[in-house]
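Observations on the model geometry
Single-letter residue listing:
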Amino acid sequence: MTDPLGTLSRRNPVPEETLPSRDARAVEDLRRIMDEPVPHARNRRTRLAGRGPRFAMGAVGIAGIAALMGGLFLFQPAQDGTTTPPGTGLAGARWGLEAVIGVQPGPDGSALDASTATADRVLRARGRDIPGLSVTPVAPGTLRVVIPWGLMRAEVDGLTAPAEVSIVRLSRERVADARRPAEAIRWLTGRARPGAPGQYWYGLVRGGTRLYAGGRTLTPDRTVGGVRWVRPPRGVRVVQVEPAFLGLSTGPEDIAPAYVVLSGPATVRPGGIRGATARGGALRLRLVADVVPDATTLAVYGDAAIGRVTPVAGTRRSVEVTVASAAGVAPGPLPPAPGRLQPLLAGGGLDARLTIDAVRVLGDPPPRTGDRVEPPAAVLSLLDPGPENPATDFALRVLTGTVDGARVAIWERSTARGNRFVVVWPGDLRQPGDDCMLGPRNPVVLTCLLSDRWVVGRAAPSVTRVEVTAGRTVHQAVVRNGWFVAPASGGRVGRIVATDADGRTVGSEEG
Amino acid sequence: MNPHTQRRDRFEALWDAHYRAVLAYAMRRTDPEDARDVAAEAFTTAWRRLDDVPADPRPWLLGLARGALANSRRSSRRRIALAERVAGSLRTTAETPEEHGLAEAMARLPERDVEALLLVAWEGLSHADAARVTGCTTGTFAVRVHRARRRLERELSNVASLVTTIEERA
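Remember, it's a predicted structure, so these values are computed and weren't measured experimentally.

Describing the overall build of chain B
Looking only at helices and strands, chain B has eight helices and zero strands in total. Helices (α) and strands (β) of chain B occur, in sequence order from the N terminus, as α-α-α-α-α-α-α-α. Going through the 170 residues of chain B one by one, you find that 51% of them count as buried. Within chain B, counting contacts between residues at least 6 apart in sequence, those at least 24 apart form 62% of the total. Put simply, chain B shows about 7500 Å² of open surface, and 50% of that area lies on carbon and sulfur atoms.

Overview of the overall build of chain A
Within chain A, the secondary structure is distributed over nine helices and 28 strands. For chain A, restricting intrachain contacts to residue pairs at least 6 apart in sequence, the fraction spanning at least 24 positions comes to 67%. Of the roughly 22000 Å² of accessible surface on chain A, a fraction of 51% belongs to carbon and sulfur atoms.

A closer look at helix α2 (residues 24-34) of chain A
Here α2 of chain A has its buried residues at Ala-26, Asp-29, Leu-30, Ile-33 and Met-34 of chain A. Each buried residue of α2 of chain A lies within a common arc of 125 degrees when the element is viewed along its axis, so the set occupies one face. For α2 of chain A, the exposed residues lying more than 90 degrees away from the buried face are Ala-24, Glu-28 and Arg-31 of chain A. Buried-residue contacts for α2 of chain A involve α1 (3-27) and α2 (32-48) of chain B. The N-cap of α2 of chain A, judged by a side-chain oxygen 3.0 Å from the amide nitrogen of Ala-26 of chain A a few residues on, is Asp-23 of chain A.

A few points about the environment of Val-373 of chain A
All names here are of chain A. Structurally, Val-373 is set in the loop between β16 (352-363) and α9 (377-383). Considered as a pair, Val-373 and Ala-395 are 22 residues apart in the sequence and their alpha carbons are 7.7 Å apart. In this structure Val-373 touches Ala-395, Arg-397 and Trp-411, once residues within four positions along its chain are discounted.

Points about the nonpolar core
Grouped together as the largest cluster of nonpolar side chains are 40 residues, with contacts concentrated most on Ile-410, Val-466, Phe-484 and Val-485 of chain A. If you tally residues by element for this core, the top one is strand β21 (residues 445-450) of chain A, at five residues. Apart from residues no more than four positions distant in its own chain, Val-466 of chain A is found in contact with Ala-459, His-475, Gln-476, Ala-477, Val-479, Phe-484, Ile-496, Val-497 and Ala-498 of chain A. Membership of the second largest hydrophobic core comes to 39 residues, among which are Leu-30 of chain A together with Ala-65, Ala-116 and Ala-130 of chain B.

A closer look at the environment of Trp-149 of chain A
With respect to the element layout, Trp-149 of chain A can be found in the loop between β3 (142-148) and α5 (153-160). With relative accessibility at 13%, the residue Trp-149 of chain A sits in the buried group.

Topic: the pattern of salt bridges
Residues and elements named next belong to chain A. For the structure shown, the criterion picks out 26 salt bridges over all chains. Where Arg-32 meets Asp-29, a salt bridge forms, and the shortest distance between an N and an O atom there is 3.3 Å. With Arg-32 and Asp-29 both in helix α2 and three residues apart, this pair spans about one turn of that helix. A salt bridge links Arg-360 to Glu-98; its shortest N-O distance comes to 2.6 Å.

Regarding the sheet that holds strand β25 (residues 478-480) of chain A
Residues and elements named next belong to chain A. One open sheet holds the four strands; their spatial order is β21-β22-β26-β25, and the pairing between them is antiparallel. Because the sheet does not close on itself, it has two edges, and the strands there are β21 and β25. The sheet shows a mean angle of 20 degrees between the axes of neighbouring strands, taken without regard to direction. Sheet topology note: the β25/strand β26 (residues 483-487) ladder contains three bridges and is antiparallel. Residue pairing across strands places Arg-480 opposite Trp-483, the latter belonging to β26.

What to know about the side chain of Glu-104 of chain B
Counting through the fold element by element, Glu-104 of chain B comes out in helix α5 (residues 97-107). Not counting residues up to four positions away in its chain, the partners in contact with Glu-104 of chain B are Leu-429 and Arg-453 of chain A together with Arg-91 and Val-159 of chain B.

Observations concerning the side chain of Asp-29 of chain A
Look at Asp-29 of chain A and you get buried, because its relative accessible area is 3%. For Asp-29 of chain A, the residues in contact, after removing those within four places along its chain, are Trp-15, Arg-36 and Ala-40 of chain B.

Looking at the pairing of strand β2 (residues 134-139) of chain A
All names here are of chain A. Across five bridges, β2 lies against β3 in antiparallel orientation. Paired with Val-135 across the strands is Val-145, a residue of β3. Counting the residues that bridge the hairpin from β2 to β3 gives two residues, and of these Gly-141 lies at a positive phi of roughly 90 degrees.

Overview of the packing of α2 of chain A against α2 of chain B
Across the interface, α2 of chain A lies against α2 of chain B with an axial gap of 10 Å and an inter-helix angle of 30 degrees. Taken together, α2 of chain A and α2 of chain B sit at an angle that is classed as roughly parallel. Between α2 of chain A and α2 of chain B the crossing geometry is right-handed. The residues of α2 of chain B that touch α2 of chain A, namely those facing Arg-25, Ala-26, Asp-29, Arg-32, Ile-33 and Met-34 of chain A, are Glu-33, Arg-36, Asp-37, Ala-40, Phe-43, Thr-44 and Trp-47 of chain B. Considered class by class, the residues forming the contact of α2 of chain A with α2 of chain B number six nonpolar, one polar and six charged.

Focus on the packing of aromatic side chains
All names here are of chain B. In total, this model carries eight aromatic pairs over all chains according to the counting rule given. Ring plane angle 75 degrees and centroid distance 5.2 Å describe the contact between Phe-11 and Trp-47, whose orientation is recorded as edge-to-face. With Phe-11 in helix α1 and Trp-47 in helix α2, this pair connects stretches of sequence that are 36 residues apart. Across the pair, Trp-47 and Phe-11 agree in class, each one buried. Where Tyr-19 meets Phe-43, the ring centres are 5.8 Å apart and the plane angle is 50 degrees; that geometry is what we call tilted.

Some words on helix α4 (residues 112-126) of chain A
Given a rise of 1.5 Å per residue, 15 residues ought to cover 21 Å, and the 21 Å separating the end C-alpha atoms of α4 of chain A matches this to within 8%. Those residues of α4 of chain A lying buried are Ser-115, Thr-116, Ala-119, Asp-120, Val-122, Leu-123, Ala-125 and Arg-126 of chain A.

A closer look at a positive patch on the surface
A cluster of like positive charges, contributed by Arg-112, Arg-147, Arg-150 and Arg-154 of chain B, occupies part of the molecular surface. Mapped onto the elements, Arg-112 of chain B comes out in helix α6 (residues 111-121).

Thoughts on the confidence of the model for chain A
Residue and element names in this part refer to chain A. In the predicted model, chain A carries a mean pLDDT of 71, and the fraction of residues at 70 or more is 61%. Per-element averaging of pLDDT across chain A places helix α3 (residues 63-70) at the bottom with 36 and β25 at the top with 94. Within the model, the stretch residues 216-229 combines pLDDT values under 50 with 31 contacts to residues more than four positions away or in other chains. Within the model, the stretch residues 325-337 combines pLDDT values under 50 with 45 contacts to residues more than four positions away or in other chains.

Reading the values: rules and limits
- Each chain has its residues counted from 1, running along the sequence as written.
- All chains are assigned letters beginning with A, and all ligands numbers beginning with 1, in the order in which they are written.
- Where totals are concerned, whole chains, interfaces and linings use all residues; where local detail is concerned, this predicted model gives features only for residues with pLDDT of at least 70, and gives and counts side-chain atom pairs only at 80 or more.
- Side-chain metrics rest on all non-hydrogen atoms present in the structure, leaving aside hydrogens and water.
- Each helix is a run of H or I in the DSSP string that is no shorter than four residues. Each strand is a run of E no shorter than two, and both are numbered from the N terminus.
- Working definition: with a 1.4 Å probe on protein chains only, accessible area under 20% of the residue-type maximum means buried, over 50% means exposed, and in between means partly exposed.
- Any pair of residues with heavy atoms lying within 4.5 Å of one another is described as a contacting pair.
- Per-residue accessibility takes into account occlusion by the displayed protein chains alone, with areas from the Shrake-Rupley method and a 1.4 Å probe.
- Each C-beta atom gives one direction from the helix axis, and the arc is the one those directions make.
- Under the rule applied, a polar contact is a pair of N or O atoms within 3.5 Å (in protein, one hydrogen donor and one hydrogen acceptor; residues adjacent in sequence only if both atoms are side-chain atoms).
- Nonpolar cores were defined as sets of buried Ala, Val, Leu, Ile, Met, Phe, Trp, Tyr and Cys residues, with membership established by side-chain atoms within 4.5 Å.
- The rule for a salt bridge is simple: a side-chain nitrogen of Lys or Arg has to be within 4 Å of a carboxyl oxygen of Asp or Glu.
- Strands are labelled as partners when DSSP assigns at least two bridges between them.
- Note on definitions: angles span 0 to 180 degrees between N-to-C directions of axes, and those axes are lines fitted to C-alpha atoms, for helices only across the stretch in contact.
- For this classification, under 35 degrees means roughly parallel, over 145 means roughly antiparallel, 65 to 115 means roughly perpendicular, and everything else is oblique.
- The handedness criterion is simple: a crossing whose near helix is rotated anticlockwise from the far helix by less than a right angle is left-handed, and one whose near helix is rotated clockwise is right-handed.
- Polar here means any residue other than Ala, Val, Leu, Ile, Met, Phe, Trp, Tyr, Cys and Pro, which are nonpolar, and Asp, Glu, Lys and Arg, which are charged; Gly is therefore polar.
- Any two of the Phe, Tyr and Trp rings considered here, Trp counted by its six-membered ring, make a pair once their centres fall within 6.5 Å; the pair's planes then place it as stacked at under 30 degrees, edge-to-face at over 60, or tilted in between.
- Expected span of a helix, by definition, is 1.5 Å for each gap between consecutive residues, and there is one gap fewer than residues.
- Residues qualify for a patch when their relative accessible area is over 30% and they have no salt bridge, like charges being joined within 9 Å and the nonpolar side chains of Val, Leu, Ile, Met, Phe, Trp and Tyr within 5 Å.
- Positive: Lys, Arg. Negative: Asp, Glu. His and the chain ends are not part of the count.
- Where a charge sits is defined by one atom per residue type, namely NZ (Lys), CZ (Arg), CG (Asp) or CD (Glu).
- Scored from 0 to 100, pLDDT records how confident the predictor is in each individual residue.

Have a look at this one:
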């Protein structure tokens, strides 16, 4: 085929000119929209998306670095199967996760009580989209978090993920510029003192174009020189640099990469940030008024990148600034991703370190069952997407069966961001999917993948039979280990009905 | 003319100029009924942010639709993989072995590649406009399309080999 894009263009299934601008439904929508009151400019708010913070940091390219900082890739999913009677904060769910979160005050010297109270507020704000989530102070420096329907430790990781956004006076703190990461690294390592107390690291990520260097202390351990050196993700180098300096990317990596070295403490540390809202391509931070200096020279930095700050509005109690994604200034995960960062900062910045001290499953979770056999290499590569979302558990073949005369198999594996599954069907076609779990909205049956050939989904342990209606045809699904697969032939997929061993309908989903 | 009427007129003009494009974008990616909801949500946001509408509103509106589509998928907890939807659409209209091969190859691509190719091939956007839809720089998008094309060509080659192997075995 000479020009596949040309062929694709010619096979456009919905040409625009075939659609109406104002049919009955469109007119109804138009009227309804224009009947909405016009919002006052200062009251605009951006609606939060979906599940919010649980996987908020997962998609960013720098997640490997974040995992390195928190040792996240060392986490294992909580699957100890502990059964706890109801009444422990599960909010009616049959199972959930209980986590004990440790709070350690940050370098601004906050009291433990104050840091704990701030962490309480921040965790509640981050978890406000999780139905039934509860946060309870247990003691100074300790919080108990319960996530109804939670199963994997990754869900706690999402709440405790660091979002250390700080603000510096760029004009004062910039001590070196570089066009290549190596130049910045040479500058930094040239000032490193071997064996200095407190070890710092830098990483080069993604082909050596993204720089994050210095400024963070690794977790003390009993391994090397009082510092726990964790295995860096692929593509990341770890060396010791001088703690006083911080190297960051400042330009789009694929167009005009640029790097800067900053010196000195942040002008506004995370504790000075009281809240955040995302709007369009910008992140609006609300700052404690008395920590804000000359706003015209500010820059904000997060996990890797730096962005320009624009002052917006101020009162005697707080000042708002907008982190804009100005070209050439804001390359990394911070400014172009306000939607990802905003949930983590919704309750304000947290100048404290959170540790997940314990995680256990409450209630009666569905068992993780299947055949523990080595998957084919091609399947295994899809189940383990790499350092950005590392696998945290072994792969299971959860279903094999003959569907509509063809062999179909489903493989599943836990990753740092949730679960990942791969459906293998005839013709060697493989379709990966992410994060398909039964939950409060779909406790019994849930469709994960719908193609023109197959319907794949999850079913509660009590489900022994799933019927899928496609057009006028009713298909019997193959049900194994909490998964089902059925043909989708016969027309539009409609009702999906799950029944138990006694033939009782225990759940359904509309197509 | 009072400001309220002016606002409504502006919005109706925006609707008439771009509703079909937004609806088509959504219909290529989801069920017709969901597509209507996605288009309505995009225009609801546009109504609330009418003062922010850029001079060339189409990429901006498609970006809003893209976000609404993602929200819709997350909230429904039910998804048809974009690659599989596109492949299904191509299979139903394919007339030649090459077009069947294209369907199978598209089914094997990651969603990001599929979206990049569709913005160019089906939405007919320039790299600059497609970058505005996806919220990245033009350069990044150009690289994304380039890599997607390369992966598509590789998958086309793989599919062709697979077909050859099957035919030989038969």
